[in-house]
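Inside the fold
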Number of protein chains: 2
Amino acid sequence: MAKFLTNRDENYAQWYNDLVIKAELGENSAVRGCMVIKPYGYAIWENIQRELDKMFKATGHVNAYFPLFIPKSFFSREASHVEGFAKECAVVTHYRLKNDENGKGIVVDPSAKLEEELIIRPTSETIIWNSYKNWIQSYRDLPILINQWANVVRWEMRTRLFLRTTEFLWQEGHTAHATREEAVEETERMINVYADFAENFMAMPVIKGYKSENERFAGALDTYTIEALMQDGKALQAGTSHFLGQNFAKAFDVQFTDRAGKLDYVWATSWGLSTRMIGALIMAHADNHGLVLPPRLAPLQVVIIPIYKNTDQLGKITEKVKNIKTDLEKLGLSVKYDDRENNTPGWKFADYELKGVPVRIAIGPRDLENNTAEIARRDTLRKETIPLKDIATHIPPLLDSIQEGIYMKALQFRTENTFHVDKWDEFLEIIDNPGGFIMAHWDGTSETEGKIKEETKATIRCIPFEGTEEDGRCVYSGRPSKRRVLFARSY
Amino acid sequence: MAKFLTNRDENYAQWYNDLVIKAELGENSAVRGCMVIKPYGYAIWENIQRELDKMFKATGHVNAYFPLFIPKSFFSREASHVEGFAKECAVVTHYRLKNDENGKGIVVDPSAKLEEELIIRPTSETIIWNSYKNWIQSYRDLPILINQWANVVRWEMRTRLFLRTTEFLWQEGHTAHATREEAVEETERMINVYADFAENFMAMPVIKGYKSENERFAGALDTYTIEALMQDGKALQAGTSHFLGQNFAKAFDVQFTDRAGKLDYVWATSWGLSTRMIGALIMAHADNHGLVLPPRLAPLQVVIIPIYKNTDQLGKITEKVKNIKTDLEKLGLSVKYDDRENNTPGWKFADYELKGVPVRIAIGPRDLENNTAEIARRDTLRKETIPLKDIATHIPPLLDSIQEGIYMKALQFRTENTFHVDKWDEFLEIIDNPGGFIMAHWDGTSETEGKIKEETKATIRCIPFEGTEEDGRCVYSGRPSKRRVLFARSY
């Protein structure tokens with residue numbers, strides 16, 4: 001066990017924080033609530049971006065860029081949106097600094113006050129729909145399928161590295177459609193894209209479902225979500241897709257002439273996924289040795305470490321590694337040969353375990369004699385010795401097996417920590433220990449939802465798409481219910 | 001000629017603006033000075049990013065992300081930097097809005113005033129060096145070679161789409177080194193990367209050189225620049241690389257222990273290139289028909305347009321196009337078959353010329369009979385008819401030839417519009433008409449530089465790296481000079 005990490009089972013929150021720092025994913029900055037995403041963390045984000053961007057383009061979307069600033073008045077146009085978003089935000093009021101007349105450094109120039117304050121975007125529906133107004137006249141201009149990669153700011157009071165920061169990076173899709181059906185279809189398509197990405201790249205099983213009215217995006221008629229279970233038994237919302245109806249079209253007066261020549265308001269969706277996913281990767285898979293990165297998102301997939309007593313041995317190992325590295329790189333893998341002399345092999349082993357590199361290849365004096373190498377997989381920490389000549393054929397299926405193994409382990413954890421609960425006492429007991437997902441009947445009222453949250457801090461994570469109807473009684477009120485919903489405490 | 005474009009030779013500025021709008025590259029937003037980068041413009045930016053990012057990584061750099069906000073006090077630490085950057089900037093003073101008590105919508109909550117104002121980054125040296133302070137203890141921690149893709153804000157009074165906007169997208173490299181020599185080497189390396197990118201991808205010849213002291217980046221000991229000539233005879237600064245000496249290390253107290261065990265301040269560089277390059281692409285190459293995009297950056301490289309009288313013909317053409325498209329896509333080319341029925345071939349021809357698509361393939365009834373296609377190249381507008389079976393072998397060298405042709409044309413234009421001037425009268429005459437690059441002797445004083453600027457609006461664009469020493473006299477003051485420098489009016 002890496003001695004410098006807090007033990008995961010003793011203090012999960014501290015373990016998480018230690019890991020972000022020690023694995024050099026990121027750190028806090030001098031600005032309250034804003035983080036620095038360090039190169040290793042950012043490399044994961046680049047991989048997330050690359051894969052998601054491919055999926056967005058394969059589903060017909062294009063990228064564009066809209067302003068960082070939103071005029072204050074834009075928020076007032078959509079009534080529920082302003083309640084949800086315009087409150088805790090960064091407000092630009094001035095556009096100039098000047099030297100203080102009393103020599104006290106630089107101060108805000110009071111004469112450079114903006115007529116209307118600008119809000120740093122917490123999300124871009126308003127500024128984008130204000131543009132769409134000019135882009136859409138007829139059904140021929142639809143659909144518009146645009147995504148934006150951007151930074152957004154929400155003035156959070158309690159922040160945690162990656163999981164909740166004042167500024168964060170994300171993508172936000174904003175689409176415009178001629179019919180309700182098309183918009184609903186798009187909303188579904190994108191939650192499926194997110195679920196596909198979560199399961200196949202992040203190796204993180206998710207439950208797809210509807211948000212309850214209370215938990216919906218401010219301004220949406222419906223919010224779809226994917227919910228994942230973290231190793232401490234708390235849920236993490238990993239991506240949301242919103243059916244916005246005609247709310248924003250009405251707020252920004254975006255009408256179009258349909259095929260029949262009739263004027264109607266445009267239908268909208270929006271959907272987003274953020275750097276929070278890096279936090280999810282850690283919380284879903286990492287252990288007391290450090291990160292466990294799924295090979296498909298790992299910045300470095302294979303590290304090769306020489307073990308030697310003298311430079312003659314190092315030279316011979318280096319000679320052999322050269323070919324192995326080339327062969328693996330030809331397969332499209334990311335490979336590093338770490339022959340730094342100032343660190344011991346043991347130190348390197350621990351460091352790459354900390355960094356979650358999926359496969360480690362070690363070559364020592366005996367391997368040199370036998371033409372073998374020791375292969376260690378990060379997820380199970382199991383080792384095996386194989387002939388050098390087999391490496392190039394051995395590694396790709398091994399990476400697939402690690403990807404699959406990480407997923408299966410997370411799935412098993414979720415299965416073991418999902419509870420069908422029918423009694424309120426049992427609900428109270430389980431939510432405290434061990435936590436996890438609770439599938440329980442709910443009477444469908446906001447009142448009950450609110451009381452459950454008040455008493456347990458658990459919320460309805462979603463009403464799963466894949467639930468079957470069954471007769472039951474609300475776990476809290478005892479009133480009749482037709483289906484179970486997913487409760488959990490959450491990040 | 002596209003009738004809806006203002007004639008380039010009659011009103012260059014209006015032609016430029018028309019083109020940005022009509023080719024759907026971007027438009028103004030509701031926020032003063034901020035633009036919307038539309039999908040077609042953003043696709044060019046994505047190609048610029050992809051190529052530059054590859055070059056940065058090939059030279060050992062990694063990406064990271066630092067906060068959007070910079071505490072006001074950070075700017076005061078580097079004396080010349082604050083003068084250059086902290087003046088016209090967006091200032092965040094509050095972090096909350098609230099409902100107005102008199103029902104007048106939402107207002108800034110006066111109780112949510114920040115203790116210290118935050119500046120939206122106009123450039124990130126200060127916030128980054130504040131982080132580097134914690135990352136660097138010893139020479140073993142160096143070099144740090146980090147790049148950031150980000151948005152920045154400079155409160156410009158006069159803005160123009162892409163060329164000068166309040167918010168813009170860019171990359172900013174920030175490196176830290178153990179020695180002056182290494183930092184100078186890095187500064188040179190990156191201006192060479194920019195020049196390579198400008199010439200080989202943007203097809204835009206550039207002159208590399210030093211900025212005069214007046215034109216240097218605020219906080220730099222030396223600024224290297226690449227300068228390109230636009231078709232109206234004005235210069236455009238296309239990328240800069242700064243040797244920052246130990247200025248920022250001193251301002252943020254970043255010291256390290258060198259190999260000899262001695263404490264020293266760290267050496268720094270920074271370098272940036274922005275969405276302004278999209279403006280440069282237009283101004284360098286476009287004509288009265290529209291954009292002329294270099295194939296290596298064109299979002300769409302080949303468009304195929306069917307010309308038909310009936311659906312039977314369309315069906316046959318579509319059948320043939322299917323294979324051609326697949327063949328070209330296998331070569332890694334971006335290809336579109338535009339068989340939309342609501343637009344005429346003529347309309348499509350004009351539209352793709354406007355959009356600057358490098359190659360157009362048209363297939364009509366006669367081509368169907370002869371198994372041929374008409375190939376038109378956007379740069380020269382020349383057409384030729386070739387057998388269908390030759391298309392896949394014909395197009396890649398044609399794209400290379402277009403890339404080369406665009407570059408050679410721009411180079412010839414620059415050669416014809418670069419003037420060696422020795423007399424002040426001649427300087428005055430040429431700078432007004434035709435404009436262009438003026439190579440002239442300068443006495444090396446800021447005073448003379450200032451007067452020339454005052455009288456002609458021309459500035460020293462750079463002191464070219466490749467100048468040869470020669471005895472001469474300053475074109476303005478008549479004082480002795482050892483080399484010519486590059487003057488021009490500029491964007």
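Residues numbered from 1 in each chain as written. Chains lettered and ligands numbered in written order. Predicted model: local features only at pLDDT ≥ 70, side-chain atom pairs only at ≥ 80, totals over all residues.

This brings us to the overall build of chain A. When you go through chain A residue by residue, the secondary structure sums to 14 helices and 27 strands. For chain A, whose C-alpha radius of gyration is 26 Å, the value lies close to the compact-globule estimate of 23 Å for 491 residues. A principal-axis box enclosing the C-alpha atoms of chain A has dimensions of 80 × 70 × 55 Å. Buried positions account for 48% of the 491 residues belonging to chain A. (Helix = DSSP H or I, 4+ residues; strand = E, 2+ residues; numbered from the N terminus. Rg over C-alpha atoms; globule rule 2.2 N^0.38 Å. Buried ≥ 20, exposed ≤ 12 C-beta atoms within 10 Å, placed from the backbone.)

This next bit is on unusual backbone geometry. Residues other than glycine predominantly adopt negative phi, and peptide bonds predominantly adopt the trans conformation. Residues and elements named next belong to chain A. For the bond from N433 to P434, the omega torsion is 10°, close enough to zero to count as cis. By the secondary structure assignment, P434 is in the loop between α13 (424–432) and β23 (437–441). Positive phi values are uncommon outside glycine, yet K457 reaches one of about 65°. Inspection of the secondary structure puts K457 in the loop between α14 (446–456) and β24 (459–464). The exposure class assigned to K457 is partly exposed, which follows from the 13 C-beta atoms found within 10 Å.

Residues and elements named next belong to chain B. Contact geometry for helix α2 (residues 39–58) and helix α8 (residues 276–285): axes closest at 10 Å, N-to-C directions at 105°. By the angle between their axes, α2 is roughly perpendicular relative to α8. Each of G41, I44, W45 and I48 in α2 lies in contact with α8, whose residues at this interface are M277, I278 and L281. (Axes fitted to C-alpha atoms, helices over the stretch in contact; angles between N-to-C directions. Parallel < 35°, antiparallel > 145°, perpendicular 65-115°, else oblique. Contact = placed C-beta atoms within 7 Å.)

Residues and elements named next belong to chain A. The 11 strands lie next to each other as β3-β9-β10-β16-β13-β12-β11-β24-β27-β23-β22, forming an open sheet whose pairing is mixed. Looking along the sheet, the strands with just one partner apiece sit at the ends: β3 (62–63) and β22 (418–420). Where strand β10 (residues 167–177) meets strand β16 (residues 267–274), eight bridges bridge the pair, whose relative direction is antiparallel. Each bridged residue has a counterpart across the sheet, and for E172 the counterpart in β16 is G272. Sheet contacts for helix α5 (residues 125–135): β9 (144–153), β10 and β16; angle to β10, the most-contacted strand, approximately 30°. Its contacts with the sheet place helix α8 (residues 276–285) against β10, β12 (222–229), β13 (235–245) and β16, and it is angled at close to 145° to β13. (Pairing = 2+ DSSP bridges.)

Turning next to the domain arrangement of chain A. Residues and elements named next belong to chain A. On domain assignment, one finds that chain A holds domain 1 (12–58 + 133–285), domain 2 (302–408) and domain 3 (419–488). Look at where the C-alpha atoms of domain 1 and domain 2 centre, and you get two points 37 Å apart. Across the contact, seven residues belong to domain 1 and five residues belong to domain 2. For the side of domain 1 that touches domain 2, a count of residues per class yields four nonpolar, one polar and two charged. (Domains from an automatic or database assignment. Nonpolar A, V, L, I, M, F, W, Y, C, P; charged D, E, K, R; others polar.)

Each side of the interface is counted separately: chain A has 49 residues, and chain B has 49 residues. Pairing between strand β5 (residues 91–94) of chain A and strand β5 (residues 91–94) of chain B: three bridges, direction antiparallel. Bridging from a neighbouring strand, V91 of chain A pairs with H94 of chain B of β5 of chain B.

Moving on, we come to the confidence of the model for chain A. For chain A, mean pLDDT is 96; residues scoring 70 or higher make up 99% of the total. If you check the scores for this complex, the pTM reads 0.97 and the ipTM reads 0.97. (pLDDT = per-residue confidence, 0-100.)

On to the relation of the copies chain A and chain B, then. Of the two same-sequence chains, chain A is brought onto chain B (RMSD 0.0 Å, axial shift 0.0 Å) by a rotation of 180°. Both chain copies can therefore be described as sitting about a two-fold axis. In terms of proximity to the rotation axis, the leading residue of chain A is V92 of chain A, whose C-alpha is 2.1 Å off the axis. Both copies share a contact surface, since 100% of the interface residues of chain A are interface residues in chain B too. (Least-squares fit on C-alpha atoms with pLDDT ≥ 70 in both.)

Time to look at the nonpolar core. One finds A228 of chain A together with A228 of chain B to be the most contacted residues of the largest nonpolar core, which totals 308 residues. Not counting residues within four places of it along the chain, the set of residues in contact with A228 of chain A comprises A198, M204, P205, V206, A235, L236, A238, A280 and A284 of chain A. (Core = buried A, V, L, I, M, F, W, Y, C linked by C-beta atoms within 7 Å.)

Over its 20 residues, helix α9 (residues 311–330) of chain B extends 28 Å from the first C-alpha to the last, a length consistent with the 28 Å expected when each residue adds 1.5 Å. Positive backbone phi, approximately 85°, marks G332 of chain B, located one or two places after α9 of chain B. (Expected span 1.5 Å × (residues − 1).)

Turning next to the pairing of strand β11 (residues 207–210) of chain B. Residue and element names in this part refer to chain B. Alternating residues of β11 divide into I207 and G209 and K208 and Y210, and every residue in both groups is buried. Bridge analysis of β11 against strand β12 (residues 222–229) gives four bridges, and the strand direction is antiparallel. Within β12, the residue paired with K208 across the bridge is I226. Looking at chain direction, β11 and strand β24 (residues 459–464) are connected through two bridges and run antiparallel. Each bridged residue has a counterpart across the sheet, and for Y210 the counterpart in β24 is I463.

On to the environment of S29 of chain A, then. Relative to the helices and strands, S29 of chain A resides in the loop between β1 (26–28) and β2 (35–37). For the pair S29 of chain A and C462 of chain A, spaced 433 residues apart in sequence, the C-alpha to C-alpha distance is 34 Å. If near-sequence neighbours (up to four positions away) are discounted, S29 of chain A is found in contact with C34, M35 and V36 of chain A together with F66, P67, I127 and S131 of chain B.

Moving on, we come to the sheet that holds strand β19 (residues 359–363) of chain B. Residues and elements named next belong to chain B. On the basis of which strands lie adjacent, the open sheet formed by five strands has the order β18-β17-β19-β20-β21 and mixed pairing. Edge strands, defined here as strands with exactly one partner in the open sheet, are β18 (335–337) and β21 (383–387). When strand polarity is set aside, the average angle formed by the axes of neighbouring strands in this sheet is 25°. Bridge count for strand β20 (residues 372–377) against β21 is five bridges, and the pairing is antiparallel. For E374, the partnering residue across the bridge sits in β21 and is T385.

Residue and element names in this part refer to chain A. The element β9 is largely enclosed, with a buried count of seven among its 10 residues. Inspection of the sheet shows β3 paired to β9 by two bridges, in the parallel sense. Paired with V62 across the two strands is I146, which belongs to β9. Across 10 bridges, the pairing between β9 and β10 is antiparallel. Directly across from I146, in β10, lies its bridge partner H174.

Looking now at the environment of T344 of chain A. Among the secondary structure elements, T344 of chain A is positioned in the loop between β18 (335–337) and α10 (345–354). A tally of 10 C-beta atoms within 10 Å means that T344 of chain A is categorised as exposed.

Next up on the list: the environment of Q246 of chain A. All names here are of chain A. With respect to the helices and strands, Q246 occurs in the loop between β13 and α7 (247–251). Judged by the 17 C-beta atoms lying within 10 Å of it, Q246 falls in the partly exposed class. Sequence separation of Q246 and A183 is 63 residues, and the distance between their C-alpha atoms is 10.0 Å. With sequence-adjacent residues up to four places away left out, Q246 is seen in contact with Y265, V266 and W267.

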